[in-house]
Amino acid sequence: LEQTVVYGQDAYCAQAKDKIRAACHCPNAQVEFLVGGTQTNATVIRSLLRPYQGVLAADTGHIALHEAGAIEAGGHKVLTVPQHEGKVAAADLTAWIEKFYRDGSWDHMELAVTYRDTGEGRTVEETRALLEAIRAVCDRYQLYLYLDGARLGYGLAAHGTDVTLPDLAELCDVFYIGGTKVGALFGEAVVFPQADLIPHFFTQIKQNGALLAKGRLLGLQFDALFTD
């Protein structure tokens, strides 16, 4: 018969967010719970972009292939670059951007965010060196780096990876920790290492249909996932 405040403003969500911040070694991070991966990608990308901007992704990226055009439906083009085992390489990203700026009409074109996912049906291993190289490209060209973490749990536990949650908090502007694909009934946890990177992000969650009224159900699950 317990009653809680709605929309993720309850004590269970607060406790889960604190555990996620601790795991990321990022005590001031903004953490928000959304209901599913497609809604999360659409909400984050739409919130980061201006109306005239697009998002760079591997040509096998989830947002390019498996999300029913959710990003384009929000008015933003997905700009694809070649994939290597499901991932974007820094050299290919640099080549694409340099070609972009060689075009005399580049100011009529779209470019703003680099999207990276943790793979589906391909390798899930990440390396810190790979992410550092992508981060350097993003810094050089003033792009955000967003990591889709639907299968992040597998990537962090994979043999051969040296990437940790604190690494992601250091190198990404925003990433999410997938619950749906790693045992939760549903739900994803978005992490902004720099709090308030997107003003009114909570409102954007609501507008994009990604907010759960009974938010404690998300908090309870992530509290369990981040215990032991």
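Thresholds applied
- Residues numbered from 1 in each chain as written.
- Predicted model: local features only at pLDDT ≥ 70, side-chain atom pairs only at ≥ 80, totals over all residues.
- Heavy atoms only, no water.
- Helix = DSSP H or I, 4+ residues; strand = E, 2+ residues; numbered from the N terminus.
- Buried < 20%, exposed > 50% of the residue type's maximum accessible area, 1.4 Å probe, protein only.
- Polar contact = N/O pair within 3.5 Å; in protein donor to acceptor, adjacent residues only side chain to side chain.
- Contact = heavy atoms within 4.5 Å.
- Expected span 1.5 Å × (residues − 1).
- Disulfide = S-S within 2.5 Å.
- 1 Å grid on protein atoms, 1.4 Å probe; cavity = no way out; pocket = protein on both sides within 12 Å on 5 of 7 lines; lining within 4 Å.
- Points joined across faces, edges and corners; volume = space filled by probe spheres on them.
- Nonpolar A, V, L, I, M, F, W, Y, C, P; charged D, E, K, R; others polar.
- Pairing = 2+ DSSP bridges.
- Core = buried A, V, L, I, M, F, W, Y, C linked by side-chain atoms within 4.5 Å.

Participant: Lay out the side chain of Thr 43 in plain terms, naming residues and giving numbers.
Facilitator: As for its position among the elements, Thr 43 is in helix H2 (residues 37–48). Given the relative accessible area of 0%, Thr 43 is considered buried. In this structure the side chain of Thr 43 is engaged in a polar contact, spanning 2.7 Å, whose partner is the backbone oxygen of Gln 39. Sequence-distant contacts of Thr 43, that is, excluding residues within four places in its chain, are made with Leu 34, Phe 201, Gln 204, Ile 205, Asn 208 and Ala 210.

Participant: A description of H2 should follow, citing residues and the corresponding values.
Facilitator: Here H2 is 12 residues long and its end C-alpha atoms lie 16 Å apart, about the 16 Å a rise of 1.5 Å per residue gives. Taking burial as the measure, the 12 residues of H2 include nine buried ones, the bulk of the element.

Participant: Break down the state of the cysteines for me, with residues and values.
Facilitator: For the structure shown, the criterion picks out zero disulfides. Cys 24 provides the cysteine sulfur closest to Cys 13, a residue in no disulfide bond, and the two sulfurs are 16 Å apart. Since its relative accessible area comes to 0%, Cys 13 is described here as buried. Free cysteine Cys 172: the closest other cysteine sulfur is in Cys 138, separated by 8.9 Å. Exposure remark for Cys 172: the relative accessible area of 4% places this residue in the buried category.

Participant: So what's going on with empty space enclosed by the protein? Residues and values would help.
Facilitator: With the rule as written, the count across this model stands at three cavities of 30 Å³ or more. Contributing to the lining of the largest cavity are 13 residues, with Tyr 7, Gly 8, Glu 32, Phe 33 and Leu 211 lying nearest its centre. Among the elements of the structure, helix H1 (11–23), strand E1 (30–34) and helix H9 (201–207) are those that each provide at least two residues to the lining of the largest cavity. Class assignment of the residues belonging to the lining of the largest cavity gives a composition of eight nonpolar, three polar and two charged.

Participant: Let's hear about the pairing of strand E4 (residues 113–117): which residues, and what values?
Facilitator: Where burial is concerned, most of E4 is hidden: five out of the five residues are buried. Residue alternation in E4 divides its side chains into two sets, Val 113, Tyr 115 and Asp 117 and Thr 114 and Arg 116, and both sets are buried. Two strands pair when backbone bridges link them, and strand E2 (residues 55–58) and E4 are joined in this way by two bridges, in the parallel orientation. Residue pairing for E4: Val 55 is matched across the bridge by Val 113. Inspection of the sheet shows E4 paired to strand E5 (residues 144–148) by five bridges, in the parallel sense. Each residue of the ladder has a partner; that of Tyr 115, found in E5, is Tyr 146.

Participant: Kindly report on helix H10 (residues 216–225), identifying the contributing residues and their values.
Facilitator: Taken as a whole, H10 has its buried residues at Leu 218, Gly 219, Gln 221, Phe 222 and Asp 223. On its buried face, H10 sits against H1, E1, strand E6 (174–178) and strand E7 (188–192).

Participant: Got a sec to walk through the environment of Gln 142? Specific residues and values, please.
Facilitator: Tracing the sequence through the fold places Gln 142 in the loop between helix H6 (128–141) and E5. Taking the C-alpha atoms as reference, Gln 142 lies 27 Å from Leu 34; in sequence the two are 108 residues apart.

Participant: Kindly report on the nonpolar core, identifying the contributing residues and their values.
Facilitator: Within the largest apolar cluster, 39 residues are counted, with the highest numbers of intra-cluster contacts made by Ile 20, Phe 33, Leu 56, Ile 97, Leu 168, Phe 175 and Ile 177. It is H6 that provides the largest number of residues to this core, a total of five residues. Listed in part, the 26 residues of the second largest apolar core include Leu 48, Ala 57, Ile 63 and Ile 71.

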